[in-house]
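# Examination of the molecular architecture
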Amino acid sequence: MTTPDPATAAFVDETIAKYRKYISPGLANLMDFVGFHGVEWRGEGMSVYDSQGQAYLDFLGGYGVFALGHAHPKVVAAVQAQAARLPMSSRVLFNRPAADLAERLAALAPGNLQYTFFCNSGTEAVEGALKLARLATGKTEIIGTVGGFHGKTYGGLSASGREVYRAPFAPLLPDFSHVPFNDVAAVAAAITPRTAAVIVEPVQGENGVIVPDDDYLPGLRKLCDDTGVLLILDEVQTGFGRTGTMFACERWGIAPDIMAIAKALGGGVMPIGAFMGTPAVWKVFEPNPLLHSSTFGGNELACAAALATLDVIEEENLPARAAVMGTRLLSGIRAVAEKYPGTITEVRGLGLLVGVEFTDRDIAALVIAGFAQQQIFAAYTLNNPCVIRLEPPLIVGDAEIDRVLTAFDTAVEGVLDLLA
Ligand code: PLP
């Protein structure tokens, strides 16, 4: 069987047919429905090109992965050099990129998060964070938040707070409870003598970009200190500049005992996740450092990508850039939204994590399709389909924001005309 020329429609059709037959018919239908009928082929900066040469402006940023844009040359070069020399760890000798990366992260992270364990994804980072919290305290109960998202393995899912993803897989892990986000009193009421930790995202991403009140995280930190409960921050989506500071919690001047990170850390070139902890919690790993382990975690390729990523984030001052461009995007979207008060209920965000809440999830889906028609990537948030998220790479420029503001107006107007 010969493969059709990638530049032809036959190549696209064949790819979608393979999805239907070998990956997931439902996913194939969903992707087609949204209107992205193409095969990704090449990425550069703010753009993804399909196999037929069509350019798309990426305002989804791989759910936070593409902070540096696509295929950043410095990260690609670092990975290529490492791949040619030693891509994967022998697991016998010491791994220098892992040691360098752990040192860099310790210097960058808030508070006293001196130690790092490397893994391969956000949900694995959360798994490790939860295990460490139980181990360090000898207690079992974990308090999460309603609408919180921490991944889809059993620990991450148990900590997450949306029934539609949880119920089909019950029973989940025992001793997890969920309280409303942005409510310190609710956490206080849920704490018992068996509580090991509270886990929260500093800004709830998948729940529709919910930015807490300024006293929430400081209040949680104080509550945890007063009660001897550990504070786990999930910065998987918010970390590495997304919200305008290197880590979102810096905005509120607090630091966790354990922090989960992933997504942007690999620079959009390699998958990598990690959880970090203070010396006080990490000492429980001392008697048996193999209590928690990962075959691929901390491999040289991923660490080389992450080291180059941190260089780029610092050289290009991306957190500060996200703050400036985020303000521009947020106020621009708000100005457009004012034209549609019966359709858009709220626009909110921090840095370059912006959510637009619609009165109806179908309208939100049609607006995403409207963006697709204008070759712009956007998506809804996983735990709240009424909210469209705009999460472009942190390298986004004024012209691209202007294009998206016009496209947003066109898309909403088009949907309202359609429904009229
Ligand atoms: N935690 C948060 C806050 C996330 O946003 C996500 C993914 O969106 C995860 C954890 C899970 O990460 P992954 O999909 O890499 O497992």
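Just so we're clear, the structure is a prediction, and the values are computed from it rather than from any experiment. (Residues numbered from 1 in each chain as written. Predicted model: local features only at pLDDT ≥ 70, side-chain atom pairs only at ≥ 80, totals over all residues. Heavy atoms only, no water.)

Contact pair helix α14 (residues 361-373) / helix α15 (residues 398-419): the axes reach a minimum separation of 8 Å and the direction vectors enclose 125 degrees. The angle between α14 and α15 falls in the class oblique. For the element pair α14 and α15, the recorded crossing hand is right-handed. Of the residues in α15, those touching α14 at Ile 363, Leu 366, Val 367, Gly 370 and Phe 371 are Val 404, Ala 407, Phe 408, Ala 411, Val 412, Val 415, Leu 418 and Leu 419. Among the residues making up the contact of α14 with α15, the classes are represented as 12 nonpolar, one polar and no charged. (Axes fitted to C-alpha atoms, helices over the stretch in contact; angles between N-to-C directions. Helix = DSSP H or I, 4+ residues; strand = E, 2+ residues; numbered from the N terminus. Parallel < 35°, antiparallel > 145°, perpendicular 65-115°, else oblique. Left-handed = near helix turned anticlockwise from the far one by under 90°. Contact = heavy atoms within 4.5 Å. Nonpolar A, V, L, I, M, F, W, Y, C, P; charged D, E, K, R; others polar.)

Structurally, Thr 243 is set in the loop between β8 (230-234) and β9 (258-261). If we skip the residues at most four places from it in the chain, Thr 243 touches Val 203, Thr 238, Ala 248, Leu 350 and Gly 351.

Let's shift gears to the site of the ligand. Taken together, the residues surrounding the ligand are Ser 121, Gly 122, Thr 123, Phe 149, His 150, Gly 151, Glu 201, Glu 206, Asp 234, Val 236, Gln 237 and Lys 263. Measuring from a nitrogen atom of the ligand, one finds a backbone N or O atom of Phe 149 at 3.5 Å. Within the contact set of the ligand, a nitrogen atom lies 2.7 Å away from a side-chain nitrogen or oxygen of Asp 234. Its residues placed into classes, the shell around the ligand shows two nonpolar, six polar and four charged. (Near = heavy atom within 4 Å. Polar contact = N/O pair within 3.5 Å; in protein donor to acceptor, adjacent residues only side chain to side chain.)

Turning next to the sheet that holds strand β3 (residues 55-58). The strand order β1-β2-β3-β13 describes an open sheet built from four strands, whose pairing is mixed. Both edges of this open sheet fall to β1 (40-44) and β13 (376-377), since each of them pairs with a single strand only. Two strands pair when backbone bridges link them, and strand β2 (residues 47-50) and β3 are joined in this way by three bridges, in the antiparallel orientation. Its bridge partner being in β3, Val 48 is matched across the sheet by Tyr 56. (Pairing = 2+ DSSP bridges.)

Contact geometry of helix α4 (residues 73-85) with helix α12 (residues 300-315) gives a least axis separation of 8 Å together with a crossing angle of 155 degrees. The orientation of α4 relative to α12 falls into the category roughly antiparallel. Crossing angle aside, the handedness with which α4 passes α12 is right-handed. Where α4 approaches α12, its residues Lys 74, Val 75, Ala 78, Val 79, Gln 82 and Ala 83 are matched on the opposing element by Glu 300, Leu 301, Ala 304, Ala 305, Ala 308, Thr 309, Val 312 and Glu 315. Partitioning the contact of α4 with α12 into residue classes produces nine nonpolar, two polar and three charged.

What follows concerns the nonpolar core. Counting 93 residues, the largest nonpolar core has Phe 59, Phe 240, Phe 358, Val 367 and Phe 408 as its most contacted members. Top element by residues in this core is α12. It accounts for 10 residues. Here this core spans two domains, since at least three of its residues come from each of domain 1 (9-64 + 317-419) and domain 2 (73-315). Apart from residues lying up to four places away in sequence, Phe 59 is in contact with Met 46, Leu 329, Ile 376, Phe 377, Arg 389, Leu 390, Glu 391, Pro 392, Val 396, Glu 400, Ile 401 and Val 404. With 24 residues, the next largest nonpolar core counts Ala 125, Val 126, Ala 262 and Phe 285 among its residues. (Core = buried A, V, L, I, M, F, W, Y, C linked by side-chain atoms within 4.5 Å. Buried < 20%, exposed > 50% of the residue type's maximum accessible area, 1.4 Å probe, protein only. Domains from an automatic or database assignment.)

Now for the domain arrangement of the protein chain. Size of an interface, as often reported, equals the accessible area lost when the parts are brought together. Considered domain by domain, the protein chain is made up of domain 1 (9-64 + 317-419) and domain 2 (73-315). On a C-alpha basis, the centres of domain 1 and domain 2 stand 27 Å from each other. Taken residue by residue, the interface counts 27 residues in domain 1 and 31 residues in domain 2. Of the roughly 2,300 Å² buried at the junction of domain 1 and domain 2 (both faces included), carbon and sulfur atoms supply 55%. On the domain 1 side of the contact with domain 2, Leu 350, Leu 382 and Asn 383 bury the most area, a combined 33% of that side's loss. Applying the counting rule to domain 1 against domain 2 returns two salt bridges. Close ionic contact of Arg 389 with Glu 206 constitutes a salt bridge, the shortest N to O distance being 2.4 Å. If you look at where domain 1 meets domain 2, you find 20 residue pairs in polar contact (both at pLDDT 80 or more). Secondary structure elements with two or more residues in the side of domain 1 that touches domain 2: α3 (61-64), α13 (318-337), β11 (344-350), β12 (353-358) and β15 (384-390). Across the side of domain 1 that touches domain 2, the residue classes tally to 16 nonpolar, eight polar and three charged. (Buried area = accessible area lost by both parts, 1.4 Å probe. Salt bridge = Lys/Arg side-chain N within 4 Å of Asp/Glu carboxyl O.)

This part is about α4. Across its 13 residues, α4 extends 18 Å between first and last C-alpha, which sits within 8% of the 18 Å expected from 1.5 Å per residue. Residues of α4 that are buried: Val 75, Val 79 and Gln 82. One face of α4 carries all of its buried residues, which in axial projection span an arc of 65 degrees. Facing away from the buried side of α4 by more than 90 degrees, the exposed set consists of Pro 73, Gln 80, Ala 84 and Arg 85. Next to the buried residues of α4 lie α5 (96-108) and α12. (Expected span 1.5 Å × (residues − 1). Arc of directions from axis to C-beta.)

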